[in-house]
Amino acid sequence: MYRFLSALVVAGLVFMGMNTPVFADNHGEPPIKEMEQKFHELIHQETNEDGIVKNYDSKDRLEQEFNQLMLPEAARYYVDTYFKEEDGKLYLKSMDAPVEVMWDKDYTLEQIDDQNYKLTQTGENELRGEYTLTIHYTYEVEKWEFADRTVEKGATEDTGGEMPDTATNLPTMMVIGSGAVLAGAVVLVARRRVGA
């Protein structure tokens with residue numbers, strides 16, 4: 001009987017070990033200031049008096065640089081929106097630059113999971129009025145990248161939003177583990193009493 005209980009406890013511990021969740025590597029927070037500086041440099045290209053970009057001669061080449069910083073869809077959007085290519089030359093379009101993070105103003109950086117973060121900042125300017133800038137960061141191919149950047153015009157109320165999906169089976173596994181330890185202790189106490 002005691003051997004059966006001992007074997008049952010061991011089998012339970014082995015089974016629990018097989019069902020223990022595997023946690024993703026923690027990549028830390030994205031380097032938001034360095035990423036924002038690189039984004040600023042790419043958007044605000046140096047041009048000559050005719051608006052011709054000095055350091056890049058094609059949208060394809062500039063898009064390759066943006067791809068080092070953000071997901072391909074976002075890179076294509078920024079290159080197509082803010083640059084044009086004519087007669088083998090790359091031009092910076094005459095338009096307002098995208099909203100960027102203002103480091104002297106409050107912002108929130110929220111961890112969604114180990115591979116995703118979200119930055120939110122509200123601001124106001126003459127062109128847009130009140131707005132909310134939201135930047136999503138994702139960890140892909142061993143580095144942090146911009147997943148997207150959105151600007152919502154108008155004042156927004158913080159309703160708290162939805163809670164991120166962080167549910168795990170860890171509490172259940174802890175209860176099962178505690179039960180297994182208790183069963184093991186009962187078996188040991190019973191053996192000692194029988195042997196005494």
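This structure is a prediction, so every number in the text was calculated from the model and none was measured.

(A) Representation of the pairing of strand β3 (residues 108-113) within the structure. Looking at chain direction, β3 and strand β4 (residues 116-125) are connected through 5 bridges and run antiparallel. Bridge assignment links Glu-110 to a residue of β4, and that residue is Lys-118. What sits between the antiparallel neighbours β3 and β4 is a turn of 2 residues.

(B) Quick look at the sheet that holds β4. Spatially, β3-β4-β5-β6 is the arrangement adopted by the 4 strands of the open sheet, whose pairing is antiparallel. On the outer flanks of this sheet lie β3 and β6 (143-153), each paired with one strand and no other. The average angle at which neighbouring strand axes cross in this sheet is 20°, direction not considered.

(C) Spatial organisation of the pattern of salt bridges. Inspection of the entire model under this criterion finds 8 salt bridges. Among the salt bridges present, the one from Glu-63 reaches Arg-76, with a minimum N-O distance of 3.6 Å. With Glu-63 in helix α3 (residues 59-67) and Arg-76 in helix α4 (residues 72-82), this residue pair connects regions lying 13 residues apart in the sequence. For Glu-63, a relative accessible area of 15% puts it in the buried group.

(D) Region of interest: α3. Those residues of α3 that fall on the buried side of the exposure criterion are Leu-62, Glu-63, Glu-65 and Phe-66. Take α3 and look down its axis: the buried residues cluster within an arc of 155°, on one side only. For α3, the secondary structure elements touched by its buried residues are α2 (32-43), α4, β1 (83-86) and β2 (89-92).

(E) Representation of the packing of α2 against α3 in the model. One way to put it is that α2 packs onto α3 with a least axis distance of 11 Å and a crossing angle of 170°. The angle between the axes of α2 and α3 places the two elements in the roughly antiparallel class. Here Lys-38, Phe-39, Leu-42 and Ile-43 of α2 lie close against α3, whose contacting residues are Leu-62, Glu-65 and Phe-66.

(F) Representation of the confidence of the model for the protein within the structure. Model confidence for the protein is summarised by a mean pLDDT of 80, while 66% of its residues fall at 70 or above. Below pLDDT 50 for its whole length, residues 18-24 participates in 5 contacts with residues either more than four positions away or in separate chains. Here residues 156-172 is modelled with pLDDT under 50, and outside its nearest four sequence neighbours on either side it reaches 6 contacts, counting other chains as well.

(G) Spotlight on the side chain of Thr-81. Counting through the fold element by element, Thr-81 comes out in helix α4. Assessed through its relative accessible area of 18%, Thr-81 is described here as buried. Here the side chain of Thr-81 touches Tyr-77 through a polar contact of 2.7 Å, landing on its backbone oxygen. Setting aside residues no more than four positions away along its own chain, Thr-81 makes contact with Lys-93 and Met-95.

(H) Local environment of the environment of Asp-114. Inspection of the secondary structure assignment puts Asp-114 in the loop between β3 and β4. Given a relative accessible area of 24%, Asp-114 falls into the partly exposed group. On a C-alpha basis, the gap between Asp-114 and Gly-28 in space is 7.6 Å, while along the polypeptide they are 86 residues apart. Among the polar contacts listed, one links the side chain of Asp-114 to the side chain of Gln-111, at a separation of 3.2 Å.

Reading guide: rules and limits
- Residues numbered from 1 in each chain as written.
- Predicted model: local features only at pLDDT ≥ 70, side-chain atom pairs only at ≥ 80, totals over all residues.
- Heavy atoms only, no water.
- Pairing = 2+ DSSP bridges.
- Helix = DSSP H or I, 4+ residues; strand = E, 2+ residues; numbered from the N terminus.
- Axes fitted to C-alpha atoms, helices over the stretch in contact; angles between N-to-C directions.
- Salt bridge = Lys/Arg side-chain N within 4 Å of Asp/Glu carboxyl O.
- Buried < 20%, exposed > 50% of the residue type's maximum accessible area, 1.4 Å probe, protein only.
- Arc of directions from axis to C-beta.
- Contact = heavy atoms within 4.5 Å.
- Parallel < 35°, antiparallel > 145°, perpendicular 65-115°, else oblique.
- pLDDT = per-residue confidence, 0-100.
- Polar contact = N/O pair within 3.5 Å; in protein donor to acceptor, adjacent residues only side chain to side chain.

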